[in-house]
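# Structural description and commentary
These are the residues of each chain, in order.
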Amino acid sequence: MDELSIAMKAREFIAKCGPLPLPVSVDAYAAQIGGVVKQEALQENEDAWSVRLPNGKYRICVNCDHNSRRQRFSVCHEVAHDVLGIPADHTSPSWSFSRRPSGEIACDVFAAELLLPYKLFKPQVDAADLNFAAISTLADDFDASLIATGSRFATFSRELCAFVLSEGGKVRYCSRSTSLRDARGYVRSGMDLPSDSASARARAGIASSGPEEAEPAQWFEDWERDGALYEDVRHLDCWDQTLTLLWFEDEDLPPPPAERKRWEEERYGLHELDGVLPWPGKSKRRR
Ligand SMILES: [Zn+2]
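All of the points below concern the structure found in this document. These numbers come from a predicted model, not from an experiment.

### Some details on the overall build of the protein
Along the backbone of the protein there are 11 helices and eight strands. Taken across its 287 residues, the protein has 51% of its residues classed as buried. Accessible surface, the protein: about 13,300 Å² in total, of which carbon and sulfur atoms supply 49%.

Below is the structure:
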């Protein structure tokens, strides 16, 4: 099942649940499949588990030690297992992006759609300013994590925009708007944060005073076009995670050469997912 069909299934499911006030009720999603949500003490990196009981009820247990936004995502993820008919494979930790089984990634895609429904989220993205303050407000409104919200924000933005997640000063993940993909703006996974960028400074403990101009060639591979690039950043010190929003002010970029996309995919094979990110694991924590 590809990402688009999973998103479509999630949107069908949301439609069945009726009108959704914000933030969406994950209990209402669970109730739609006869689910009951319980909070339990689970292992530190275990998000949740679920089981269909003989009486027909679907019992969802989430980790009571996780913050409420993470629990909300976990409930949606467990609903996804049932709706998509994908058995759980929670043996590999959820924070390990590269080792995550495809069925688990599918459930994350579904969960992101439930938590930040396209119909409600997209109009707000279109109306929002391009900066982290706007993303933070949206995260509060949708009661979702800053990372999930920022990632989906970039994906749905009409502007040339990217959301970059870095851990330990290295880029781990990047989601891009359609227009930035079309313009072949590509941030390489694994690269170091540009040393004199606002992101690197934020990681070094120097507070950012808001969006500032950035150097496109330092962020984007083989970027040779004009247009002013802006950068806004949030650093989460407890996980050593740096969240960077990048956007171009100039919307009228010339089209790139046709072979560029193929080159990019062959070289990197990056599988981008919107709003689907691993939770940080204990081993990633700065000590
Ligand atoms: Zn799962």
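### Some thoughts on the nonpolar core
Core analysis: the biggest nonpolar cluster contains 52 residues, and Tyr-29, Val-79, Phe-110, Leu-114, Phe-121, Phe-153 and Leu-245 have the highest contact counts within it. In terms of residue count, the dominant contributor to this core is helix 4 (residues 102-115) (nine residues). Residues in contact with Leu-114, not counting those within four places in the same chain, are Ala-10, Phe-13, Ile-14, Val-24, Tyr-29, Cys-76 and Val-79. Core analysis: the second largest hydrophobic core is formed by 18 residues, Cys-174, Leu-180, Phe-220 and Leu-246 among them.

### Some remarks on the coordination of the zinc ion
Any two of four tetrahedral donors ideally make an angle of 109.5 degrees at the metal, while pairs among six octahedral donors ideally make 90 or 180 degrees. Protein coordination at the zinc ion comes from His-77 (NE2), His-81 (NE2), His-90 (NE2) and Glu-104 (OE), with a distance range of 2.0 Å. If you look at the zinc ion, its four donor atoms make angles of 91 to 128 degrees with each other, and the shape they trace is tetrahedral. Counting residues between consecutive donors of the zinc ion along the chain gives the motif H-x3-H-x8-H-x13-E. With His-77 in helix 3 (residues 68-84) and His-90 in the loop between helix 3 and helix 4, the pair connects residues that are 13 residues apart, well separated along the chain. With relative accessibility at 6%, the residue His-77 sits in the buried group.

### Comments concerning the sheet that holds strand 8 (residues 241-248)
If you walk across this open sheet you meet the five strands as 5-4-8-7-6, and the pairing is antiparallel. Each of the sheet's edge strands pairs with one partner strand only, and the pair in question is strand 5 (170-176) and strand 6 (212-214). Geometrically, the sheet is characterised by an average inter-axis angle of 30 degrees between neighbouring strands, direction not taken into account. Judged from the eight bridges that link them, strand 7 (residues 229-236) and strand 8 form a sheet pairing that is antiparallel. The residue of strand 8 that forms the bridge with Leu-236 is Gln-241.

### Description of the pattern of salt bridges
Per the counting criterion, the structure on display carries 15 salt bridges. Between Asp-47 and Arg-70 there is a salt bridge whose closest N-O contact spans 2.9 Å. You can see Asp-47 sitting in the loop between strand 1 (35-40) and strand 2 (48-52) and its partner Arg-70 sitting in helix 3, a full 23 residues away along the chain. Here Asp-47 matches Arg-70 in class, with each residue buried. One salt-bridge network, in which partners are shared between bridges, spans Arg-69, Arg-72, Asp-140 and Asp-143.

Criteria and thresholds
- Residues numbered from 1 in each chain as written.
- Predicted model: local features only at pLDDT ≥ 70, side-chain atom pairs only at ≥ 80, totals over all residues.
- Heavy atoms only, no water.
- Helix = DSSP H or I, 4+ residues; strand = E, 2+ residues; numbered from the N terminus.
- Buried < 20%, exposed > 50% of the residue type's maximum accessible area, 1.4 Å probe, protein only.
- Areas by Shrake-Rupley, 256 points an atom, 1.4 Å probe, with all protein chains shown as cover.
- Core = buried A, V, L, I, M, F, W, Y, C linked by side-chain atoms within 4.5 Å.
- Contact = heavy atoms within 4.5 Å.
- Donors = N, O, S within 2.8 Å, 3.2 Å for Na, K, Ca; no water.
- Tetrahedral: all angles 85-135°; square planar, octahedral: opposite > 155°, others 65-115°.
- Pairing = 2+ DSSP bridges.
- Axes fitted to C-alpha atoms, helices over the stretch in contact; angles between N-to-C directions.
- Salt bridge = Lys/Arg side-chain N within 4 Å of Asp/Glu carboxyl O.

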